[in-house]
Amino acid sequence: MAKIKGDIVINTERCKGCEVCIAACPFTVIAMSKDVNSKGYHFAMKVNDECTGCTNCAVVCPDGVITVYRAKVTTE
Amino acid sequence: MEEQFEKIEIRKPENIVYKKTDLLVDRPLSYCPGCGHGTVHRMLMEVLEEMNIYEKTIGVSPVGCSVLAYDFLNIDMIGAAHGRAPAVATAVKRLWPDHFVFTYQGDGDLAAIGTAETIHACNRGENFTIIFINNGIYGMTGGQMAPTTLPGMRSSTSPYGRDVPTMGHPLKITELVAQLPGVHFVTRQAVHTPGNVRKTKKALRKAFELQKENKGVAFVEVVSNCNSGWKMTPVQANKWMEEHMFPFYPLGDIKVDGKLVEKKEMVDKE
Ligand SMILES: Cc1ncc(C[n+]2csc(CCOP(=O)(O)OP(=O)(O)O)c2C)c(N)n1
Ligand code: SF4
Ligand code: SF4
Ligand code: SF4
Ligand SMILES: [Mg+2]
């Protein structure tokens, strides 16, 4: 079966931990880390596999730190 | 499921559907976490890139938090004195009429110290785009009251809230300039949700397309949060903005094709 799959890569060093991306994701893919980056910000991270590559999180991120991938994949 | 997903491996360059444009520098932006300035910068650069006009565009940066816009936008930029960006942009556009010209200004810059420049450039019908970031406050200097500060809104110079009898009414400068015949397109947008960001981008695209037709000023207001000045988290500030700023500054088109939009349609529900 062909299915659309998405993935995100967050530049965690550049994330400022504003949390604006979290509510933007329809599949609650993103949550905040317990750790902090070198600037001291808790950063956004991917916490499940539900990403569809809709780009919502990346579009709304004020610092443009999210890259989004999308592809059609076949599963049995 | 995790394993299967790992095997799929879609993190390949050909599968990228969204990535920050190179027209926005790779260095960190100086803005506070969650501030709308960065989002508007990015949408603006995406529009110039998609229209393929970035080599023929000259921007004028203001005084305010976005004073450093010249440093973040990888295009030709000029820094203007506080509030004077529309005067500088007038000169630039008249000297290079085949170039695309815009100002990028905060509410303190555009609606306080620069009121005269804003109104006269609009009234002359100069052929450039004005991008107006309204966060209801002087963000850069510590959150002082601006002409755009809402009634009752706290700021560092109205700590008990703006008292209209003593401090005056907020100025809806966007509705004001929409009255002027030199102004062709006026819209008010936001960038706190993905849907609003996409609409802002469309509005910016339209504003730059109109420069090709020399029809006069295209004015794009973006109501944005200044979470530091408002003393809230970014998420709280965006919620506060929806509840308090949008009723006073309703989103949607205000003037299209040189004609004022009927009030009913102006309130953009979504
Ligand atoms: C001639 C002059 N007067 C006053 C100032 C101080 N000043 C710097 S930024 C600013 C207000 C900026 O507010 P706004 O335009 O709303 O931008 P924001 O930081 O909120 O984005 C003021 C009054 C200045 N730099 N120059
Ligand atoms: S691309 Fe869409 S689905 Fe994927 S994490 Fe971002 S908002 Fe969620
Ligand atoms: S919106 Fe961007 S900067 Fe803010 S938490 Fe999400 S990834 Fe980080
Ligand atoms: S002070 Fe306000 S306007 Fe300035 S960067 Fe911070 S949040 Fe944005
Ligand atoms: Mg301001």
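Reading the values: the criteria
Residues numbered from 1 in each chain as written. Chains lettered and ligands numbered in written order. Predicted model: local features only at pLDDT ≥ 70, side-chain atom pairs only at ≥ 80, totals over all residues. Heavy atoms only, no water. Pairing = 2+ DSSP bridges. Helix = DSSP H or I, 4+ residues; strand = E, 2+ residues; numbered from the N terminus. Donors = N, O, S within 2.8 Å, 3.2 Å for Na, K, Ca; no water. Buried < 20%, exposed > 50% of the residue type's maximum accessible area, 1.4 Å probe, protein only. Near = heavy atom within 4 Å. Nonpolar A, V, L, I, M, F, W, Y, C, P; charged D, E, K, R; others polar. pLDDT = per-residue confidence, 0-100. Contact = heavy atoms within 4.5 Å. Arc of directions from axis to C-beta.

Residue and element names in this part refer to chain B. With mixed pairing, the 8 strands of this open sheet are ordered in space as β3-β2-β4-β5-β9-β8-β10-β11. Looking at strand neighbours, the two that pair on one side only are β3 (76-79) and β11 (259-260), the edges of this open sheet. As paired elements, strand β10 (residues 252-256) and β11 share 2 bridges and run antiparallel to each other. Paired with lysine 255 across the bridge in β11 is leucine 260.

Below, the discussion takes up the coordination of the magnesium ion (ligand 5). Residue and element names in this part refer to chain B. Only Asp107 (OD), Asn135 (OD1) and Ile137 (O) from the protein reach the magnesium ion (ligand 5) as donors, at distances of 2.0 to 2.2 Å. Of note, the magnesium ion (ligand 5) draws all its donor residues from one chain, in the sequence arrangement D-x27-N-x1-I. One end of the pair, aspartate 107, is in helix α5 (residues 107-113); the other, isoleucine 137, is in strand β6 (residues 137-138), with 30 residues separating them in the sequence. Judged by relative accessible area, aspartate 107 falls into the buried class, the value being 1%. The exposure class of isoleucine 137 is buried, given its relative accessible area of 1%.

Next up on the list: the site of ligand 4. Lining the immediate environment of ligand 4, one finds Tyr31, Cys32, Cys35, His37, Cys65, Asn135, Gly139, Cys226, Asn227 and Ser228 of chain B. Residue composition of the shell around ligand 4, by class: 5 nonpolar, 5 polar and no charged.

All right, on to the confidence of the model for chain B then. Residues and elements named next belong to chain B. In this model, chain B carries a mean pLDDT of 95, and residues with pLDDT of at least 70 account for 94%. Across residues 1-7 the pLDDT falls below 50, and counting only partners more than four positions away or on other chains, this stretch makes 10 contacts in the model. At the level of chain-chain contacts, confidence expressed as ipTM amounts to 0.96, with global pTM at 0.96.

Further remarks concern helix α6 (residues 115-124) of chain B. Residues and elements named next belong to chain B. Within α6 the residues assigned to the buried category are Thr118, Ala121 and Cys122. All buried residues of α6 lie within an arc of 100° about the axis, which places them on one face of the element. In this structure, the buried residues of α6 make contact with α4 (85-95), α5, β5 (129-134), α8 (173-178), β8 (183-190) and β9 (217-223). Backbone geometry just after α6 places glycine 125 at a positive phi near 70°.

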